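Overview (structure and organization)
Listed below, chain by chain, are the residues.
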Amino acid sequence: MTIYQKTGMALAVIILAAFFFAPNLGGLDSTAQATIGITLFFLILLVTEALPLPVSCLLTIGLIPTLGVSVGFEGAIIGFAHPVIFFIIASFGIAGGITSVPLTKRILLFLLKKAGNKVENILLAMMIATAVVSFFISNVPACAVMMAIALEFIQLLEDDEQKKSIGKTFMIAIPVATMIGGMATPASSSLNLLAIGLLEQHTGQTISFVHWMAVGIPLVIILIPFAWFLMIKVYKPAQVDPAKIREFTTNLQIKERPKRKEIYVMIIMAIMLTLWIASSWVSGIEIFTVAILGCTMLMILNVLPWKKFLADINWNIIFISGTVLSIAHALVQNGVSDWLAEFLQFSQLNLPASLIIALGATIAFIMLLMITSAPALITVLASPFIMIALANDVNPAFLMIILAFCAGNCYLLPLDTVQLLTYSKGYYRMTDMGRSTIFLQIALIIILAFWLPFMGRLLGM
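Let me begin by describing the structure that accompanies this report.

**Thoughts on the overall build of the protein**
- Regarding its fold elements, the protein presents 22 helices and 0 strands.
- Over its C-alpha atoms the protein spans a radius of gyration of 22 Å, differing by no more than 12% from the 23 Å that the globule rule assigns to 461 residues.
- Projecting the C-alpha coordinates of the protein onto the three principal axes gives extents of approximately 70 × 55 × 45 Å.
- Among the 461 residues that make up the protein, the fraction classed as buried is 54%.
- Considering only intrachain contacts with a sequence separation of at least 6, the fraction spanning at least 24 residues in the protein is 78%.
- Looking at the protein as shown, the accessible area adds up to about 19400 Å², and 67% of this sits on carbon and sulfur atoms.

**A look at unusual backbone geometry**
- Residue Asn302 is not a glycine yet carries a positive backbone phi of 65°.
- Within the secondary structure, Asn302 is located in the loop between helix H14 (287-300) and helix H15 (306-312).
- For Asp393, which is not a glycine, the phi torsion comes out positive at approximately 55°.
- Tracing the backbone shows Asp393 in the loop between helix H19 (374-391) and helix H20 (396-408).

**Topic: helix H2 (residues 30-48)**
- Over its 19 residues, H2 extends 27 Å from the first C-alpha to the last, a length consistent with the 27 Å expected when each residue adds 1.5 Å.
- Looking at where H2 begins, the residue whose side-chain oxygen comes 3.2 Å from the main-chain nitrogen of Thr31 is Asp29.
- Just downstream of H2, Glu49 is the residue with a positive phi angle, here 50°.

**With respect to the packing of aromatic side chains**
- Tallying each qualifying case throughout the model produces 4 aromatic pairs.
- Judged by centre distance (5.0 Å) and plane angle (85°), the rings of Phe20 and Phe21 are edge-to-face.
- For Phe20, a relative accessible area of 35% puts it in the partly exposed group.
- With a centroid separation of 5.5 Å and 65° between ring planes, the pair formed by Tyr423 and Tyr428 is classed as edge-to-face.

**Thoughts on the side chain of Asn409**
- The residue Asn409 is located in the loop between H20 and helix H21 (417-423) in this model.
- Not counting residues up to four positions away in its chain, the partners in contact with Asn409 are Met179, Ile180, Met183, Phe365, Gln441 and Leu444.

**A look at the packing of helix H9 (residues 160-181) against helix H22 (residues 434-459)**
- Running from amino to carboxyl end, H9 crosses H22 at an angle of 25°, the nearest separation of the two axes being 11 Å. By the angle between their axes, H9 is roughly parallel relative to H22. The handedness of the crossing between H9 and H22 comes out as right-handed. Contacts between H9 and H22 involve Lys168, Ile172, Val176 and Ile180 from the former and Arg435, Ser436, Thr437 and Leu440 from the latter.
- Looking at side-chain class alone, the contact of H9 with H22 contains 4 nonpolar, 2 polar and 2 charged residues.

**Notes on the environment of Arg429**
- You can see Arg429 is positioned in the loop between H21 and H22.
- Owing to a relative accessible area of 58%, Arg429 belongs among the exposed residues under this scheme.
- Counting along the chain gives 16 residues from Arg429 to Leu413, while the straight-line C-alpha distance between them is 9.6 Å.

**Looking at the pattern of salt bridges**
- Across all of its chains, the model carries 3 salt bridges by this definition.
- Taking the shortest distance from any N to any O, the salt bridge between Asp312 and Lys308 comes out at 2.6 Å. With Asp312 and Lys308 both in helix H15, this residue pair falls 4 residues apart, about one helical turn.
- Of the charged contacts in the structure, one is a salt bridge between Asp432 and Arg429, with a shortest N-O distance of 3.7 Å.
- By relative accessible area, Asp432 is classed as buried at 2%.

**Quick notes on the environment of Asp312**
- Classification of Asp312 as partly exposed rests on a relative accessible area of 30%.
- Put simply, Asp312 and Gln33 are 279 residues apart on the chain and 38 Å apart in space, counted from C-alpha to C-alpha.
- Each residue touching Asp312, except ones within four places of it in the same chain, is listed here: Phe92, Gly96 and Leu304.

**Some thoughts on H14**
- Its 14 residues place the ends of H14 20 Å apart at the C-alpha level, agreeing with the 20 Å of an ideal helix rising 1.5 Å per residue.
- Within H14, burial applies to Ile287, Val290, Ala291, Gly294, Cys295 and Leu298. Buried residues in H14, looked at end-on, bunch into an arc of 130°, giving them a common side. Turned more than 90 degrees away from the buried face of H14 sit Leu293 and Ile300, all of them exposed.
- Next to the buried residues of H14 lie helix H5 (83-99), helix H10 (190-203), helix H11 (209-234), helix H13 (260-278) and H15.

**Some points on the packing of helix H8 (residues 139-156) against helix H12 (residues 242-251)**
- Following both chains from N to C, one finds H8 and H12 inclined at 140°, their axes separated by 10 Å at the closest point. Considered as vectors, H8 and H12 are oriented oblique to each other. In the crossing of H8 with H12, the sense of the turn from one axis to the other is right-handed. Within the contact between the two elements, H8 uses Ile149, Glu152, Phe153 and Leu156 and H12 uses Lys244, Ile245, Glu247, Phe248 and Asn251.
- Split into classes, the residues belonging to the contact of H8 with H12 amount to 5 nonpolar, 1 polar and 3 charged.

**Some words on the environment of Ile245**
- Tracing the sequence through the fold places Ile245 in helix H12.
- Since its relative accessible area comes to 0%, Ile245 is described here as buried.
- Sequence separation of Ile245 and Leu273 is 28 residues, and the distance between their C-alpha atoms is 34 Å.

**A word on the state of the cysteines**
- Evaluation of the coordinates by the stated rule reveals 0 disulfides.
- No disulfide involves Cys295; its sulfur sits 20 Å from that of Cys143, the nearest cysteine.
- With a relative accessible area of 3%, Cys295 lands in the buried category.
- Free cysteine: Cys410, not disulfide-bonded; nearest cysteine sulfur from Cys406 at 10 Å.

Conventions used here
- Residues numbered from 1 in each chain as written.
- Predicted model: local features only at pLDDT ≥ 70, side-chain atom pairs only at ≥ 80, totals over all residues.
- Heavy atoms only, no water.
- Helix = DSSP H or I, 4+ residues; strand = E, 2+ residues; numbered from the N terminus.
- Rg over C-alpha atoms; globule rule 2.2 N^0.38 Å.
- Buried < 20%, exposed > 50% of the residue type's maximum accessible area, 1.4 Å probe, protein only.
- Contact = heavy atoms within 4.5 Å.
- Areas by Shrake-Rupley, 256 points an atom, 1.4 Å probe, with all protein chains shown as cover.
- Expected span 1.5 Å × (residues − 1).
- Polar contact = N/O pair within 3.5 Å; in protein donor to acceptor, adjacent residues only side chain to side chain.
- Phe/Tyr/Trp six-rings, centres within 6.5 Å; stacked < 30°, edge-to-face > 60°.
- Axes fitted to C-alpha atoms, helices over the stretch in contact; angles between N-to-C directions.
- Parallel < 35°, antiparallel > 145°, perpendicular 65-115°, else oblique.
- Left-handed = near helix turned anticlockwise from the far one by under 90°.
- Nonpolar A, V, L, I, M, F, W, Y, C, P; charged D, E, K, R; others polar.
- Salt bridge = Lys/Arg side-chain N within 4 Å of Asp/Glu carboxyl O.
- Arc of directions from axis to C-beta.
- Disulfide = S-S within 2.5 Å.

Laid out in structure tokens, this is it:
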């Protein structure tokens, strides 16, 4: 264990003890304080990597009932029964099925032929392809799929300086494009489904699949080119001999027509997308059920062997997602969300909808620096944001959409699972990402402030 890890472990324990033993702070009772303490304890362990991730999760799960944060062990593991967990599992299977056939490479090859032989154009093609893939599968597997293709291109380069320069740009751009693409539909990210579920839980209101698409897809179309512009201006990727780029494109060539398994994948994905869209009008169709059945059909048709399915599941992500959702449940159950709503103190400002949206998005991005887990952030802020919306005569769906979008675009620092996939490759440092993404987050705040009210009026929301 390094000094950094030891310091993180010590700090986590001190923070937990301080919140557990301290007298009531700011009107919080002992259970709420312990809930905040265990939340900070878990986040510090994650950020400092003081313990292996599964160990941090299991330790936290064990401490939740021990410290009275939940009534019994069932409350500590309630997050693992959340539908989002099964959606994530299904997403790994869907990603495995897609990558087992040349479908993704066909999409990328089509874009490369249009892009030409410049690194900047390849980056744009890669970001567009990444965003499109992220429309259909959740962010983590989508990022993993496209990262593997980008690494193929980087490995073609012989000059170490070129590898470092281009590797940094591509490894930052891919998770950013993944998260932007994750705004497109409710099924594009588990965070979107979580936000919709919490909106239904608190208000009985929902957001249809089509309405979400109408809001999300235009944002993706606007933000991908802007993100690409930031990547090439901030990181200035090295130029590469066009012959190398032609070699990469040649290696991607797929001459044969789609075979049976690839046709199966295209049919299943088309059916899934159709059902997801139909769920906007047919109440009996659930997004989670469609994902599970789609994944199962890929296995039944032998597109995805079940052993490969099990091997493709990233169990670290399952551990962290289940633990975070359990903590988030405790934050709501123990009154921390309501306390936070009072603490924010802007529910009665009577501001226009655009300013409420901009303020909410700003708060969400700032809170991400403290609550680095996107599911936890959504669950903590859901109740306060809904109260603020209702108090200011703003549709609560607007603030839940921006909460999902902002939590999903948490790329100021590479602390989310999506960015950690590429950060682990060693091409960029912790502080490199924020040099470009801070401008992207500011742009998202401004665009949301005007776009959501406009679309709300257009869609009758």
